[in-house]
Structure formats: C-alpha cells, structure tokens
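Residue-level listing of the chains:
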2 protein chains.
Amino acid sequence: MARTPRNTLSPDLVIRSALVVMEAKGPDGFSLRGVAAELGVGPMALYTYFRNKDDLYDGIRDHLMGLMPPAPEGLPWPDQVRSVCRDLRILMLQHPCLAQLLASRPLSGNETARVAEGLLSVLRSAGFEPEIAARTHTTLFTYVLGATTWEIQMAQEQSDPDALRRLRASMESLSSRDFPTVIELAPELSRTTGGNTQFNYGLDLLLAGLTARTPS
Amino acid sequence: MARTPRNTLSPDLVIRSALVVMEAKGPDGFSLRGVAAELGVGPMALYTYFRNKDDLYDGIRDHLMGLMPPAPEGLPWPDQVRSVCRDLRILMLQHPCLAQLLASRPLSGNETARVAEGLLSVLRSAGFEPEIAARTHTTLFTYVLGATTWEIQMAQEQSDPDALRRLRASMESLSSRDFPTVIELAPELSRTTGGNTQFNYGLDLLLAGLTARTPS
DNA sequence: ACGTTGTACTATACACTGTACGTTAGGGAA
DNA sequence: TTCCCTAACGTACAGTGTATAGTACAACGT
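Owing to the predicted nature of the structure, the values given are computational and were not obtained by experimental measurement.

Participant: Explanation requested: the overall build of chain A in the structure shown.
Facilitator: Tallying secondary structure elements over chain A gives ten helices and zero strands in all. In terms of overall dimensions, chain A has a C-alpha envelope of 70 × 55 × 25 Å along the principal axes. The 216 residues of chain A split such that 48% are buried. In chain A, once contacts between residues fewer than 6 apart in sequence are set aside, the share between residues at least 24 apart is 72%. Summing over all exposed atoms, chain A offers an accessible surface of approximately 10500 Å²; the carbon and sulfur share of this is 52%. For chain A, the separation between the mean place of its 21 positive charges and that of its 24 negative charges on side chains is 5 Å.

Encoded structure:
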C-alpha cells in the first residue's frame, strides 16, 4: 500500500489547502473530503489536527485574520478607526468566506485577538473609558460585518444570471400602489457598483456620532 | 397503502412546519426530511410547492418578515427610524434563524418589500433625497443585521458550556504582554447582558450622524 | 541492535443529507 | 363513466461528517 510518508501534514498546511478548496468551490461546496483530496490524503487524516469541521473553520478564520494589516500610527484616531474598518472590509471582500466565518463562529485565536487589540487600543488612547471603548469596538465590528456581508451577498446575486432573473421577476410582481418607494428606489437599492460609497457613508455616520462624543 | 388525502399541504402549511422544525432543531439540524416528517409526508412531497431548499428558505424568511409591525406614525422621523430598527432586532432575536436567512439569501417577497417600504417612506418624508434615502436604508439595515447576528452568536455561545469553556481557555492563552487591552476588556466584550444597551448605542451613533445631516 | 510504544494515517462503516427520476392514485371535468 | 392532471409516493444516488478500528512507520529505551 502506497502509504504517504509521515508528517507530510501540519495544521498550517491543512488550513492553506482548506482555503484553496473554499475559494475554489465556495463555502457551500466546501467539504472535508475535498480538502483531504486536495492534500492527497484520506478524509480522516484531518482529524489528527482538527477536532471537527467547525474547529477547522476556526483555524481558517484566524489564518485570514492574520492577513489584516496593523492599525496605522501617527494619525488622528478617527482616521485610524476608519483605516482599520476599511481594511477589514477589503479583507472580507477578498475572501468572501470570511464573512460567513466571522458571523457563525465565536472569535478566538491569536490573529483575531491581534486585530481586536489594535482597534481597542486606538480607542483607549483616544480617551474613551473602557466600557465605552468596548461598546464602540463591537459597534464598529458589527457594522463592518453586516455591511460587508450584505455587499458580498449583493455581488454574488448580481453575478448569478438565474438569481438575477428571479429577483427582477419578484420586483415586477410588486404592486406599485403598495410599494411606490421601493419601486422608485429599486435601482439604488440593488446597485452593486458604489460599494465603497455605501460603506463609507455608513462608516462616516458612525464616526460623526462618535466624534460628537469625543472625551475631553 | 395509506396514502394521505389530496391537498393536505399548502405552501403556507409547509412554511409553518418548516419554522417549527427550525426553531426546534436549530438552523443546523434543519432538514427537508425533518419538515416532511413533521407533516407526516414523504420528503419529495415538498417539491410540489418549493423548487428546492433555498426556495423554502425564501418562503420562511418572507413569512417571518410578515411579523414585523408597521412603522409607527405621528412621531418625529428619528423616532420612527429607531422604532423600525428595534422591531427588526426583536424579531430576529425571537427567531434566531432569521438572521441567517437575511444574510445568506437575496431579499424578495411581499412582506420583505413591505418592511423596506415602511422605512424608505419614512426617510423620503423626512426630506432625504432618493439616493441618500436608499443609502441610509441600506446602512441601517446592515447595521441591524450585523449587530443582531453578533448578539445571537454571543448568546448561543454563552449557553453552550463546552464552547464557553473553550473560549475561556483561548482567552487564558493570550499573552497579556501582546494583548493588554483585549484582556482588560474581555469581560465587557463577551458580555451577554446589556444587549439592548449595546444595540442602542450603535443605533444612536448612526442617528446622531444622520440628524446632523437632516435636510433643511 | 532490537523489541516496544506512541502516533500519523488508512479503511470501513453508519446515519444522514438534498434531490433526480419514475410511479401511482385521487379528484375534477368531459 | 372515462380520462387526465397532478399531488404525493417510493426508490435510488451521490455526497456529507465522523465514529471506530486497524496498520505501518519513526523514535526511543535498553
């Protein structure tokens, strides 16, 4: 039996292969068997390094978070915050599966903590009390999560002709008496370009509210 | 063969059973076979009313959106906006699967359109230009989506003793030299009570930014 | 140099999934 | 009554995560 040599695998190698499979087949087509095949290994081999599929997900998430650049230094704190939020959005757009991984699994891991540390320390240095800093952090994080998840969702929809056709059909079927505003604004609402503008708009609203509460 | 009589099923009945299964077994344990069993029917019977599982998801989502109360009238617009956002959050908390359904499927259906119409018309009446109203709508919606998804996630985590133990372990393993702020604020960040406060904090930030841009 | 042991990987198997396909029976229309 | 349409059925398939048991290899103590 052509048994593969020992120690060809490692947690990191598994994670990288998992990422390859995930980006190739999409989060839905992702399977442990696919990862194992990518590695030329039996499906159960992965269980040496990860307790189960969710555990592997956590590994992938933390690995992706490791790609986040550090918070920039030497800028006014609102610009630092803006920068971190934009970087996270960009990373999520580059790796669409990250959105799902962030939304469906608890946060853990060193890289994830590193990112949190960056944003939190910016807020603390800006003079926010601990509790307010934590609340602000959560608000910013969840805004980026929701906004970017939605952006990815819209983009995928727009790229699937079948989904697009069905969406148009369901729009057409709306009574223009009952939903005048929705119909009036349908083009704006399903706009896929201008994602930057949309994201920055909401982020600036948050930052405007925040700077109005800047500690003395 | 004890064949069930004709026309015992209907799209609405299927959706209601699906909802029962979903709330009983959680979104992960949800399966078409489970729904069929709940209805006392073979798995393939569902395909008479829904093209596939995703189509059924859309039906459930729209059904849940039908539970949204209409936007209140006779209040200043910021209070109307606040009310709609809070109502959506509450609905998502009552039906945790809604968060997932909103994040992973495009919006369609009459009830979903009704909710959008409510918020959009409030914004238009407040004097926002069409494009700004649409952007604001998306911002508010995505904030509620992200914030409440996260809140649900935290709550589920807190209720699973195994997940909680592993989270604590991963917190302990963080170097207090590299992540002083995360460690200092760990209690605040993983706080599960005070979800109202957290949600309202972010919502108020957005509204503060918005009212600062109120059209003349 | 040689058993021994722990471990990295394999093989098999199970319960389960969504759904394609073909069949059958009940109710309404002619 | 006859016929047809269609709602619900049964069967089958490819695929899933993972429990369990087995196997061969590397390192180690003697």
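Participant: Mind showing me how you'd approach the confidence of the model for chain A here?
Facilitator: Any residue range with low pLDDT should be treated as having predicted coordinates unsuitable for detailed reading. Per-residue pLDDT for chain A averages 91, and the proportion of residues at 70 or more is 97%. Helix α8 (residues 161-172) of chain A is the least confidently modelled element of chain A, averaging 83 in pLDDT, while helix α4 (residues 77-94) of chain A averages 97, the highest of any element.

Participant: What is the right way to look at the relation of the copies chain B and chain A in this model?
Facilitator: Each of the two copies of the chain can be brought onto the other by a rotation about an axis and a shift along it. Under the fitted operation, chain B is carried onto chain A by 0.0 Å of movement along the axis and a turn of 180°, and the coordinates agree to an RMSD of 0.1 Å. The operation mapping one copy onto its partner corresponds to a two-fold rotation axis. Minimal C-alpha separation from the rotation axis in chain B is found for B:Gly146, amounting to 1.9 Å. Looking at chain B, 100% of its interface residues are interface residues in chain A too, so the copies touch through the same face.

Participant: Please clarify how the UniProt feature "DNA-binding region" (unreviewed entry) in chain A should be interpreted in this entry.
Facilitator: Under the local residue numbering, the UniProt record ascribes the feature "DNA-binding region" (unreviewed entry) to residues 31-50 of chain A. Helix and strand shares over residues 31-50 of chain A are 40% and 0% respectively, and the end C-alpha atoms of the span are 14 Å apart.

Participant: Got a minute to help me understand the side chain of A:Arg89 in this structure?
Facilitator: Tracing the backbone through its elements, the reader meets A:Arg89 in helix α4. Apart from the residues within four sequence positions on either side, A:Arg89 is in contact with A:Val144, A:Thr148, A:Glu151, A:Gly195, A:Asn196 and A:Phe199.

Participant: Just checking my understanding: could you explain the side chain of B:His95 for this structure?
Facilitator: With respect to the helices, strands and loops of the structure, B:His95 is situated in the loop between α4 (77-94) and α5 (97-104). Ignoring anything within four residues of it in the chain, the contact list for B:His95 reads B:Glu23, B:Leu64 and B:Leu67.

Participant: Just to check I follow, could you spell out the interface of chain B and chain A for this structure?
Facilitator: Counting residues at the interface gives 62 residues for chain B and 62 residues for chain A. Carbon and sulfur atoms supply 65% of the area that chain B and chain A bury against each other, a total of about 5400 Å² over both sides. We note a salt bridge from A:Asp55 to B:Arg166, for which the minimum N-O separation is 3.6 Å. For the pair chain B and chain A, the interface holds twelve residue pairs in polar contact (both at pLDDT 80 or more). Of all the secondary-structure elements, those providing two or more residues to the side of chain B that touches chain A are α5, α6 (110-125), α7 (130-159), α8 (161-172), α9 (180-189) and α10 (195-211) of chain B. Counting residues per element, the side of chain B that touches chain A draws most heavily on α7(B), which supplies 20 residues. Residue composition of the side of chain B that touches chain A, by class: 28 nonpolar, 19 polar and 15 charged.

Participant: What is the right way to read helix α3 (residues 53-65) of chain B from this model?
Facilitator: Because the α-helix completes a turn every 3.6 residues, residues three or four places apart line up on one side. The end-to-end C-alpha separation of α3(B) is 19 Å, in line with the 18 Å expected for 13 residues at 1.5 Å each. Most of α3(B) is tucked away: ten of the 13 residues are buried. For α3(B), the complete set of buried residues consists of B:Asp55, B:Leu56, B:Tyr57, B:Asp58, B:Gly59, B:Ile60, B:Arg61, B:Asp62, B:Leu64 and B:Met65. Taken together, the buried residues of α3(B) touch α8 of chain A together with α1 (11-29), α2 (32-39), α4, α5 and α6 of chain B. Among the residues of α3(B), the N-terminal cap falls to B:Asn52, whose side-chain oxygen and the backbone nitrogen of B:Asp54 are separated by 3.2 Å.

Parameters and conventions
- Residues numbered from 1 in each chain as written.
- Chains lettered and ligands numbered in written order.
- Predicted model: local features only at pLDDT ≥ 70, side-chain atom pairs only at ≥ 80, totals over all residues.
- Heavy atoms only, no water.
- Helix = DSSP H or I, 4+ residues; strand = E, 2+ residues; numbered from the N terminus.
- Buried < 20%, exposed > 50% of the residue type's maximum accessible area, 1.4 Å probe, protein only.
- Contact = heavy atoms within 4.5 Å.
- Areas by Shrake-Rupley, 256 points an atom, 1.4 Å probe, with all protein chains shown as cover.
- Lys, Arg positive; Asp, Glu negative; His and termini not counted.
- Charge placed at Lys NZ, Arg CZ, Asp CG, Glu CD.
- pLDDT = per-residue confidence, 0-100.
- Least-squares fit on C-alpha atoms with pLDDT ≥ 70 in both.
- UniProt positions renumbered as here; feature names shortened; annotations may be inferred.
- Buried area = accessible area lost by both parts, 1.4 Å probe.
- Salt bridge = Lys/Arg side-chain N within 4 Å of Asp/Glu carboxyl O.
- Polar contact = N/O pair within 3.5 Å; in protein donor to acceptor, adjacent residues only side chain to side chain.
- Nonpolar A, V, L, I, M, F, W, Y, C, P; charged D, E, K, R; others polar.
- Expected span 1.5 Å × (residues − 1).

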